[in-house]
Amino acid sequence: MNDAPVSTRARLVVLEKRGPPFAFQRFYVRFMLWLIGRLLQAASVVDDEIRREVGNLPAGFTFSMRVRSGSAALTLTKHGDRLRAVPAAAVPHPVLSFDFKHIAHAFLVLSFQESTPRALANDRLSVDGEYPSAMKMLRALNRMQALVLPRFVAVRALKACPRISLAEKIGLASRIYGRLIVELLKRPAA
Amino acid sequence: MTKHYFEFSCPVKMVAGFRALEHISFELDTRGASRPLIVSDKGVVGAGLVDTVLAAIATGGGQVGPIFDDVPPDSSMEAVRAGAARYLDSGCDAIIAVGGGSVMDTAKALNILATEGGVDLRQFAGYNNLKRPLKPFIAIPTTAGTGSEVTAISVIKDREEGVKTFYCSPFLLPDVAVLDPRMTLKLPPMITAATAMDALTHAVEAYTCLARNPMSDAYAEAAVRRISQWLVPVLLRPDEAEGRLALAEAAAMAGIAFSNSPVGLVHALAHTIGAMYGVHHGAANSIFLPFVLEFNLPGSRQEIGALLLSLAGPEVYAATPASRRAEEAIDRIMALKDKAHELCGLPRTLAETGSVPREDLPRIARTALDDGTVVMNPVDVTYEGALRVLERAW
């Protein structure tokens, strides 16, 4: 930084005084990744379809959805046909990772302004790992979102909303959120 | 504020047309290379195509290193290692690949080892794991379909691990792609048709799938126009050099299009029956293309309809009501398949391949859902949807 021209140094001082850039987005993305991780963990216990997808993942499977800068991540490990949210440091090299190039891109997706397939098409999100596992995780994520999100939000997040009756949706969503609360009460969040 | 966004890249220099091969010595010279390793396979060498390339380089004052022609039909780790050893032992300084998709894939992977010095190739597997430019690389396709000469991906069979490994990096792209009609004049009619339909599928899927963008659209439209104009004339007159060149250009343009707007459900199904029953990739794409377009109508009617202009020309496009253009475009592709079947026996249905049992369709549908290309399909693909397409294609 000391080697930077005076005008550049002055500009950096101004930017530092403004506070961290994308502060709100950073906070929101961290919270959403935390929430999605726990919801997937709960859904993999409650929902048969998600459990089947998880069961078909290879043994020792680990997954991470993260922002490339390292500012936020959700990390999951497979145990039988269930997923468990763990601290990112526990899995430094996940078998499969979905990486957002920038916090702003993660914010677009996690605030339901851009669907995951659209983010992939727009090169905002890169996939590192085997595609068969990536497809299973995407289907699990989609199913979980279709269950826990109100329909008017889910249609923005997904390419297509699966046909789920209102009674089934309410029943499964209640059990997923209930499970989430039970898990939070059982052990402090990682 | 608009959220429109796309990325597009194609840094490959295209050297295309009459006496294109004679430009190779200049291209080598400008890259400081004087001893290229020739990578090919025995079929291409036996057909005399490598000799044609060598003669063109020699008459241009250039020189070449050894010829490595041990590339198998399905590119393998062993072939990559053997080719790299030949490169390093012979003091080569560039690579010229002469062949189809397998030769191109081998040459790309071989270039990693040639540059990095014989380390374990697997450490570079996956996306963007190369961090510096590789050795000068010239690609000369001998088929007009895969578009490998302009794609940044290499797929290598790893027998030790029992998997096919992907390598994807912009550094894998050739520096130069040479399209010369002499390279495809001797292609048998069946391969000509299958590879052209492969290129047509690349272009149509690039144009109709989620990552389409203004640049990929331009390449896709131009590719579709050339293929619909020249495939039948070339099947009728295989030594039609102008048509051969047009198909080679179309394959490269379709390759550029789908490198920047990835393919969808047609490829997911074609990959699956290719892996399970060995159905030729181009033939499989040809079978599925119109049926997947029917399936995709709810999500991309407008894009499919717009393709009618490139498929049938302005008169037909103008005479067709806007509400009917998508169906007419699909009918045109069906008609092209029928003509190719009549002229060279290219299968139109899964039944005509003679190798896909009908009772396996549910298994194929389930397996295809795990293919990564499904993500880019404009319409969400479920098991029931994939099975419906397979039943139609039967």
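What counts, and where the lines are drawn
- Residues numbered from 1 in each chain as written.
- Chains lettered and ligands numbered in written order.
- Predicted model: local features only at pLDDT ≥ 70, side-chain atom pairs only at ≥ 80, totals over all residues.
- Heavy atoms only, no water.
- Pairing = 2+ DSSP bridges.
- Helix = DSSP H or I, 4+ residues; strand = E, 2+ residues; numbered from the N terminus.
- Contact = heavy atoms within 4.5 Å.
- Axes fitted to C-alpha atoms, helices over the stretch in contact; angles between N-to-C directions.
- 1 Å grid on protein atoms, 1.4 Å probe; cavity = no way out; pocket = protein on both sides within 12 Å on 5 of 7 lines; lining within 4 Å.
- Points joined across faces, edges and corners; volume = space filled by probe spheres on them.
- Nonpolar A, V, L, I, M, F, W, Y, C, P; charged D, E, K, R; others polar.
- Phe/Tyr/Trp six-rings, centres within 6.5 Å; stacked < 30°, edge-to-face > 60°.
- Buried < 20%, exposed > 50% of the residue type's maximum accessible area, 1.4 Å probe, protein only.
- Lys NZ or Arg CZ within 6 Å of the ring centre and 35° of its normal.
- Domains from an automatic or database assignment.
- Buried area = accessible area lost by both parts, 1.4 Å probe.
- Salt bridge = Lys/Arg side-chain N within 4 Å of Asp/Glu carboxyl O.

Undergrad: Got a minute to help me understand the sheet that holds strand β8 (residues 163-168) of chain B in this structure?
TA: Two orientations exist for strands paired in a sheet by backbone hydrogen bonds: parallel and antiparallel. Residue and element names in this part refer to chain B. Spatially, β5-β8-β7 is the arrangement adopted by the three strands of the open sheet, whose pairing is mixed. Two strands in the sheet have a free side with no partner beyond their single neighbour: β5 (126-127) and β7 (153-158). In this structure, β5 lies alongside β8, joined through two bridges in parallel fashion. Residue pairing across strands places Gly126 opposite Tyr167, the latter belonging to β8. Along the sheet, helix α5 (residues 101-116) contacts β7 and β8; its crossing angle with β7, the most-contacted strand, is approximately 90°.

Undergrad: I tried to follow the layout of surface pockets on my own but got confused; where do I start?
TA: Which parts of space are left empty comes out when a probe the size of a water molecule is rolled across the atoms. The calculated volume of the second largest pocket comes to roughly 1200 Å³. In terms of lining, the second largest pocket is formed by 35 residues, of which the most central are Arg139 of chain A together with Asp380, Val381, Thr382 and Tyr383 of chain B. Breaking the lining of the second largest pocket down by element, the ones donating at least two residues are α3 (48-55), α5 (116-121) and α6 (131-148) of chain A together with α15 (383-393) of chain B. By residue number, the principal contributor to the lining of the second largest pocket is α6 of chain A, which donates seven residues. Here the lining of the second largest pocket is composed, by residue class, of 18 nonpolar, five polar and twelve charged.

Undergrad: Any chance you could explain the packing of aromatic side chains here in plain terms?
TA: Both the distance between ring centres and the angle between the ring planes are used here to describe each pair of aromatic rings. Evaluated as defined, the whole model comprises seven aromatic pairs over all chains. Consider the rings of Phe24 of chain A and Tyr28 of chain A, whose centres lie 6.2 Å apart with planes at 35°: the pair is tilted. In this pair, Phe24 of chain A and Tyr28 of chain A are both assigned in helix α2 (residues 23-46), four residues apart and thus about one turn of the helix distant. Taken together, a centroid distance of 5.9 Å and an interplanar angle of 75° make the contact between Phe24 of chain A and Phe107 of chain A edge-to-face. Of this pair, Phe24 of chain A sits in helix α2 while Phe107 of chain A sits in helix α4 (residues 103-110); the two residues are 83 residues apart in sequence, bridging distant segments of the chain. According to the relative accessible area criterion, Phe107 of chain A is buried, its value standing at 15%. Linked through ring pairs, Phe24, Tyr28 and Phe107 of chain A together constitute an aromatic cluster. Lying across the ring of Tyr317 of chain B, Arg325 of chain B places its NZ or CZ 3.9 Å from the centre.

Undergrad: What exactly am I supposed to notice about the domain arrangement of chain B here?
TA: A common measure of how large an interface is: the accessible area buried when the components associate. All names here are of chain B. As assigned here, chain B comprises domain 1 (13-183) and domain 2 (189-393). Its C-alpha centre places domain 1 at a distance of 27 Å from the equivalent point of domain 2. Contacts between domain 1 and domain 2 engage twelve residues on the former and 17 residues on the latter. Both sides of the domain 1 and domain 2 interface together cover about 1100 Å² of buried area, and 73% of this is carbon and sulfur. For domain 1, the biggest contributors to the area lost against domain 2 are Ala144, Gly145 and Pro181; these three give 41% of the whole. Here domain 1 is connected to domain 2 by zero salt bridges. Of the residues that constitute the side of domain 1 that touches domain 2, the class distribution is five nonpolar, six polar and one charged.

Undergrad: Could you clarify how one ought to interpret the interface of chain B and chain A in this entry?
TA: Taken residue by residue, the interface counts 17 residues in chain B and 20 residues in chain A. Counting each side, the surface lost to burial between chain B and chain A is near 1700 Å², with a carbon and sulfur contribution of 52%. Three residues, Lys3, Asp370 and Val375 of chain B, lead the burial of chain B against chain A; their summed loss comes to 34% of the area buried on that side. Here Lys101 of chain A ties to Glu7 of chain B by a salt bridge, and the two come within 3.0 Å at their closest N and O atoms.

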